[in-house]
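The residues making up each chain are set out below.
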Amino acid sequence: MSRFIHLHTHSHYSLLNALPKIDDLLDEAKALNMPAVGLTDAGNMYGAVEFYQRAKKKGMKPILGVDFYVAVRTRKDMQAGIDNRRTRLVLLAKNYEGYKSLIQLVTESNFTGYYYKPRIDRELIEKFNKELICIAPSFSSDISTHLKNKNVEKAKEAINFYKKV
C-alpha cells in the first residue's frame, strides 16, 4: 500500500484545465496502490457525487475538495483590470459537515462572487469553514504571491488568517 496520496487532482470537470475522467483517475490511483485520492476540481464540484460513488465501489477512500479561486480584494469587487486577478486555495472536506461547507462556498462563489471565474473571499471562508482542511498551493496562493513579491509580513498575515479560521 502506498503512503502517498494525491490530495490536489483535477478531472475533466475542471473545464480546460484537465483531461482525466473520474474512472481513469481512480484506476491510476488504484494501480499505484493508493488507498485514497482527492478530487479538487477548479472552482466546482460537478464530479463530486460520481467520484465518491465510484471510489467507494473500487474500495478507495474518496477525499472531496475544491481548488477555489480567491478574490484579491473581495468577491463583490468587479473592477476591470484589478479584480480579474485571483489566487487559489484548496479546501478539503474532513467529513459530511465539511462537504456541506464546500457546497455553500461553491454556491456563493457562483452567485455572489462570479467575475470571470467563481470566486470566494475571506468573508465566505470565515462563514463556511466547518470541518475543512486548507492547502495553500505553492504556485498560486496568496501566501506564495506575497512571498514572490518579497512581502513576508503579508504572507505571515495570510498564514495566520488561515490558521485562525
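Residues numbered from 1 in each chain as written. Predicted model: local features only at pLDDT ≥ 70, side-chain atom pairs only at ≥ 80, totals over all residues. Heavy atoms only, no water.

Trainee: Which parts of the structure should I look at to understand empty space enclosed by the protein?
Mentor: Gaps between atoms show up when a probe of the same size as a water molecule is rolled over them. Considering all chains together, one arrives at one cavity of 30 Å³ or more under this definition. The computed volume of the largest cavity comes to approximately 40 Å³. In terms of lining, the largest cavity is formed by Leu39, Thr40, Asp41, Asn44, Met45, Ala48, Leu64 and Gly65. Listed by contribution, the elements that provide at least two residues to the lining of the largest cavity are strand 1 (36-42) and strand 2 (61-71). (1 Å grid on protein atoms, 1.4 Å probe; cavity = no way out; pocket = protein on both sides within 12 Å on 5 of 7 lines; lining within 4 Å. Points joined across faces, edges and corners; volume = space filled by probe spheres on them. Helix = DSSP H or I, 4+ residues; strand = E, 2+ residues; numbered from the N terminus.)

Trainee: I'm lost on the nonpolar core in this one. Help?
Mentor: Taken as a class, soluble globular proteins show a tendency for nonpolar side chains to be buried jointly. Of all hydrophobic cores here, the largest spans 32 residues; its most connected members are Phe51, Phe68, Leu102 and Leu105. Of all elements in the fold, only helix 1 (22-31), strand 1, helix 2 (48-57), strand 2, strand 3 (86-93), helix 3 (96-111), helix 4 (122-127) and helix 6 (152-164) reach the threshold of two or more residues within this core. If sequence neighbours within four positions are ignored, Phe51 has contacts with Ile22, Leu25, Leu26, Val37, Gly38, Leu39, Pro62, Ile63 and Leu64. (Core = buried A, V, L, I, M, F, W, Y, C linked by side-chain atoms within 4.5 Å. Buried < 20%, exposed > 50% of the residue type's maximum accessible area, 1.4 Å probe, protein only. Contact = heavy atoms within 4.5 Å.)

Trainee: Teacher, can you tell me more about unusual backbone geometry here?
Mentor: Keep in mind that most residues, glycine aside, have a negative phi and that most peptide bonds are trans. Its identity as a non-glycine residue notwithstanding, Tyr116 has a phi of 70°, on the positive side. When you line up the elements, Tyr116 lands in the loop between helix 3 and strand 4 (119-120). For Tyr116, a relative accessible area of 54% corresponds to the exposed category. Phi at Glu131 takes a positive value of approximately 60°, unusual for a residue other than glycine. Structurally, Glu131 is set in the loop between helix 4 and strand 5 (132-135).

Trainee: Honestly, the side chain of Asp41 in this entry has me stumped. Any pointers?
Mentor: By the element assignment, Asp41 lies in strand 1. For the buried Asp41, no salt bridge is present, and the opposite-charge side chain at shortest range is Arg88, 8.9 Å distant. A polar contact of 2.6 Å, which involves the side chain of Asp41, links it to the backbone nitrogen of Ser11. Apart from the residues lying within four places of it in its own chain, the contact partners of Asp41 are Thr9, His10, Ser11, Tyr13, Ser14, Gly65, Val66 and Asp67. (Lys, Arg positive; Asp, Glu negative; His and termini not counted. Salt bridge = Lys/Arg side-chain N within 4 Å of Asp/Glu carboxyl O. Polar contact = N/O pair within 3.5 Å; in protein donor to acceptor, adjacent residues only side chain to side chain.)

Trainee: So what exactly am I meant to see when it comes to the pairing of strand 3 here?
Mentor: The side chains of a regular strand alternate between both faces of the sheet. With seven of eight residues buried, strand 3 lies mostly within the body of the structure. Here strand 2 pairs with strand 3 via seven bridges, running antiparallel. From the neighbouring strand, Phe68 faces strand 3, where its bridge partner is Leu89. Two elements, strand 3 and strand 5, share four bridges in a ladder whose sense is antiparallel. Its bridge partner lying in strand 5, Ala93 is registered against Leu132. (Pairing = 2+ DSSP bridges.)

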